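# Summary of structural features
The lines below spell out each chain.
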Amino acid sequence: MKKALLYFLLGISLNVSSQQRKIKILKSEISYTDEDTYPGATILLGKVKMSHAGAILNCHRAFYYKDDNFFKAIGKVRINQGDTIHQTSDYVDYDANSKQAISWGNVILKDPKMTLTTDTLYFNREQQQLFYQDHATIKDETNTLKSKNGNYNLESKKFTATTRVNITNPDNVITSNYLDYFTDSGHAYLYGASTITSLKDKNKIYTERGFYNTKTDISYFVKNTTLYLDERTIEGDSLYYDKPRGFASATNHIRLKDTAQNFVAQGNYAEYFQKLDSIFLIKKAVAISVVELDSMFIHGDTLLVTGPKNKRIIRGYRGVKIFKTDLQGKCDSLHTDQASGITKMYYSPVLWSDGSQITGDSIQLLNNKETEKLDSLKVLGNSFIIQKDSLDPNNFNQIKGKNMYGKFIENQLKTLLVKGNGEAINYNRNNEGILETITKQFCSNIEFGLENNEIHEIKCLMQSDGNTFPPSQFPENDRKLKGFIWREEERPKRKEDIFKEAPPTVRTPLFKPEPPQPKPTRANTTSPSSPPQPQRTNSTPKSDLNNPREFAPKIKKETLKKNEKKSNS
């Protein structure tokens with residue numbers, strides 16, 4: 001009995017399933033067969049209407065193959081799947097067993113999120129997947145997508161477009177050979193070589209993999225990305241870009257290039273503020289300026305580049321190093337103003353120009369804005385220049401003073417002027433290189449010249465005091481001036497050396513504060529700076545002296561001013 005019931009229910013289920021798989025003819029004006037011309041087909045003419053698995057088809061003419069559960073629809077074909085999918089075309093072939101349709105001729109398919117137009121469309125109703133292989137255009141509320149090949153999932157609202165893909169909206173154009181696009185969110189996932197071009201300012205992004213929100217104009221790219229902004233480009237392995245805010249952040253192998261100014265900035269993390277025209281770099285940060293085929297490299301733990309190209313300012317912080325073939329330097333903080341052509345170095349700065357080492361409390365380099373070459377030098381506070389003797393590495397020519405001013409000719413330091421508290425030690429050699437004398441002198445102002453990168457002439461501009469000694473009679477403890485430090489080990493010999501780790505710089509104050517003045521004590525109340533003390537007279541009530549508040553109003557202002565003048569004098 002149980003088995004009979006089971007077979008009965010199974011039979012009903014199979015019959016229902018079979019009915020669901022069968023195409024139903026709902027309406028037609030004419031129906032006939034022609035086995036000679038169309039064997040196995042029922043020909044339907046005039047306002048044909050058929051249904052299958054929740055889909056309704058209307059057309060002018062159809063060929064229905066009952067045994068194969070298949071039909072061909074011709075002329076103004078309309079397919080409606082529920083209330084969401086509506087399609088029109090000239091022709092449709094439909095296999096009810098596999099639920100697959102091929103439509104061609106002016107195909108237009110619409111769902112609540114988009115409209116697709118193409119010449120030939122393949123529709124797998126079982127998987128709710130659309131395919132096209134000969135160009136299609138998809139429009140939603142935000143974008144228009146075009147591609148040669150692609151597919152669209154009606155449930156996930158996802159397009160996968162390949163071969164000559166193009167997405168346009170009022171603001172941007174996206175081109176790619178492979179991307180995924182979601183019509184409900186406007187999100188695009190790019191694969192392979194892709195570009196996003198702004199229609200407003202012509203800025204462009206190139207990437208080989210990334211994400212782009214077409215509605216918010218926010219993007220994130222993770223492979224070989226370049227952001228093109230007017231005459232400036234930003235490259236990086238990964239890049240986040242919020243265009244409405246004008247903000248971008250990039251990581252790994254970052255390279256900012258300014259083609260107009262021959263300027264490059266590099267690092268492994270950067271933040272770019274487009275509206276402020278500023279970039280912040282860390283992790284092997286370096287700024288590179290190219291002048292006459294020679295580059296100056298500036299490295300710091302942190303670099304901040306701000307301002308437009310004609311008024312750019314470069315700031316470097318912590319462990320700053322400079323490398324140029326004919327000039328190297330080191331300091332803790334650096335400030336370069338390209339508009340004025342001045343570079344300022346702070347906190348234990350040192351410069352090396354060929355064989356010369358220059359130090360001071362602060363150093364300034366001045367560029368000629370027309371030629372963009374080094375023009376002059378200022379060393380302010382405790383200026384000191386040291387030059388190793390050409391033949392004896394244990395001897396050093398030295399000049400020190402309060403401030404120092406130098407002049408460059410063809411990027412080589414040629415003259416220096418020391419102003420205030422000048423001291424000098426010079427090892428004098430003859431034409432054969434033999435050391436003849438050693439001179440040590442004191443002079444308020446000293447002018448000296450360099451030839452072949454060596455000090456060759458020293459001139460005291462005011463009364464001097466000093467002596468010249470034979471080498472054997474020069475006191476050993478006088479061979480180095482006070483404050484002498486030879487810092488050759490810190491010098492970057494090649495551009496890669498600017499990234500070598502160095503001990504942190506001690507950040508001492510640039511200017512020593514004035515010592516605080518001692519406060520007056522009770523024992524010092526009669527000092528010149530203190531006001532005169534009231535003296536008791538016969539007319540002064542005793543209570544007034546004991547109560548200053550009662551006494552003070554009775555002293556005339558004129559008397560106080562006179563007494564103050566006397567005490568001050």
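I will try to describe carefully the structure that is included in this document. All figures in this text were calculated on a predicted structure; none of them were measured in a lab.

## Side note on the overall build of the chain
The helix and strand tally for the chain stands at four helices and 36 strands. Counting all 569 residues of the chain, 41% fall into the buried class. Accessible area of the chain: about 32,100 Å², with a carbon and sulfur share of 51%.

## Regarding the pattern of salt bridges
Enumeration according to the criterion identifies 25 salt bridges in this entry. One salt bridge connects D93 with K72, and the closest N-O pair in it is separated by 3.0 Å. You can see D93 sitting in strand β6 (residues 85–95) and its partner K72 sitting in strand β5 (residues 70–81), a full 21 residues away along the chain. Ionic pairing is found between R318 and D332, a salt bridge with its closest N-O pair at 3.8 Å. Of this pair, R318 sits in strand β25 (residues 313–324) while D332 sits in strand β26 (residues 327–337), and the two are 14 residues apart along the sequence. On the basis of relative accessible area, D332 is assigned to the buried category, the value being 2%. Where salt bridges share partners, they join R232, D258, D277 and R312 into one cluster.

## What about a positive patch on the surface?
There is a patch of like positive charges on the surface, built from K27, K47, K49 and R78. Look at K27 and you get partly exposed, because its relative accessible area is 46%.

## Notes on the pairing of strand β30 (residues 362–367)
Extensive coverage of β30 is indicated by the burial of five of its six residues. For strand β27 (residues 342–346) and β30, the ladder comprises five bridges, and the chain directions are antiparallel. When the bridges of β30 are listed, Y346 appears paired with S362. Where β30 meets strand β31 (residues 374–388), six bridges bridge the pair, whose relative direction is antiparallel. Its bridge partner being in β31, Q364 is matched across the sheet by K378. Hairpin connection between β30 and β31: a loop of six residues separates the two successive antiparallel strands, and E372 in this loop has a positive phi of roughly 60 degrees.

## As for the nonpolar core
Membership of the largest hydrophobic core comes to 91 residues, with the highest contact counts inside it found for L57, Y132, L179, L377 and F448. Beyond its immediate stretch of four places on either side in the chain, L179 contacts L145, F159, T160, A161, V165, I167, I174, Y189, L190 and Y191. Counting residues in each nonpolar core, the second largest holds nine residues, with F396, I425, L481 and F484 among its members.

## Overview of the packing of aromatic side chains
Scanning the model with the defined rule gives 15 aromatic pairs in all. Between the aromatic rings of Y38 and F63, the centroid separation amounts to 4.6 Å while the plane-to-plane angle is 45 degrees, which identifies the pairing as tilted. With a gap of 25 residues between them, Y38 in strand β3 (residues 38–52) and F63 in strand β4 (residues 55–65) connect regions that are remote in the sequence. Residue classification places Y38 among the partly exposed residues on the basis of a relative accessible area of 32%. For F63, a relative accessible area of 7% puts it in the buried group. Relative to F70, the ring of Y65 lies with its centre 6.3 Å away and its plane at 50 degrees, an arrangement referred to as tilted. Residue Y65 is classed as buried on the basis of its relative accessible area, which comes to 17%. Members of the aromatic cluster, connected to one another through ring pairs, are F384, F396, F484 and W486.

## Focus on the side chain of T343
On the secondary structure map, T343 appears in strand β27. On the accessibility criterion, T343 (14% relative accessible area) is buried. Here T336 takes part through its side chain, which lies 3.0 Å from a polar atom of the side chain of T343. Excluding anything up to four places from it in sequence, T343 contacts L334, H335, T336, I363, Q364 and L365.

## Side note on unusual backbone geometry
The phi dihedral of K283 falls on the positive side, at around 60 degrees, and the residue is not glycine. Its location among the elements puts K283 in strand β23 (residues 278–291). Given the relative accessible area of 53%, K283 is considered exposed. Of note, N382 is a non-glycine position whose phi angle comes to about 55 degrees, a positive value. Mapped onto the elements of the fold, N382 is located in strand β31.

## Remarks on the side chain of T439
In this fold, T439 is placed in strand β34 (residues 435–451). At 3.1 Å, the side chain of T439 and the side chain of N428 are in polar contact.

## A closer look at the environment of G307
Mapped onto the fold, G307 is located in the loop between β24 (294–306) and β25. Sequence-wise, G307 and I279 are 28 residues apart; in three dimensions their C-alpha atoms are separated by 9.3 Å. Setting aside residues no more than four positions away along its own chain, G307 makes contact with R232, L276, D277, S278 and R312.

Thresholds, definitions, all that
Residues numbered from 1 in each chain as written. Predicted model: local features only at pLDDT ≥ 70, side-chain atom pairs only at ≥ 80, totals over all residues. Heavy atoms only, no water. Helix = DSSP H or I, 4+ residues; strand = E, 2+ residues; numbered from the N terminus. Buried < 20%, exposed > 50% of the residue type's maximum accessible area, 1.4 Å probe, protein only. Areas by Shrake-Rupley, 256 points an atom, 1.4 Å probe, with all protein chains shown as cover. Salt bridge = Lys/Arg side-chain N within 4 Å of Asp/Glu carboxyl O. Patch = residues over 30% accessible without salt bridge, like charges linked within 9 Å, V, L, I, M, F, W, Y side chains within 5 Å. Lys, Arg positive; Asp, Glu negative; His and termini not counted. Charge placed at Lys NZ, Arg CZ, Asp CG, Glu CD. Pairing = 2+ DSSP bridges. Core = buried A, V, L, I, M, F, W, Y, C linked by side-chain atoms within 4.5 Å. Contact = heavy atoms within 4.5 Å. Phe/Tyr/Trp six-rings, centres within 6.5 Å; stacked < 30°, edge-to-face > 60°. Polar contact = N/O pair within 3.5 Å; in protein donor to acceptor, adjacent residues only side chain to side chain.

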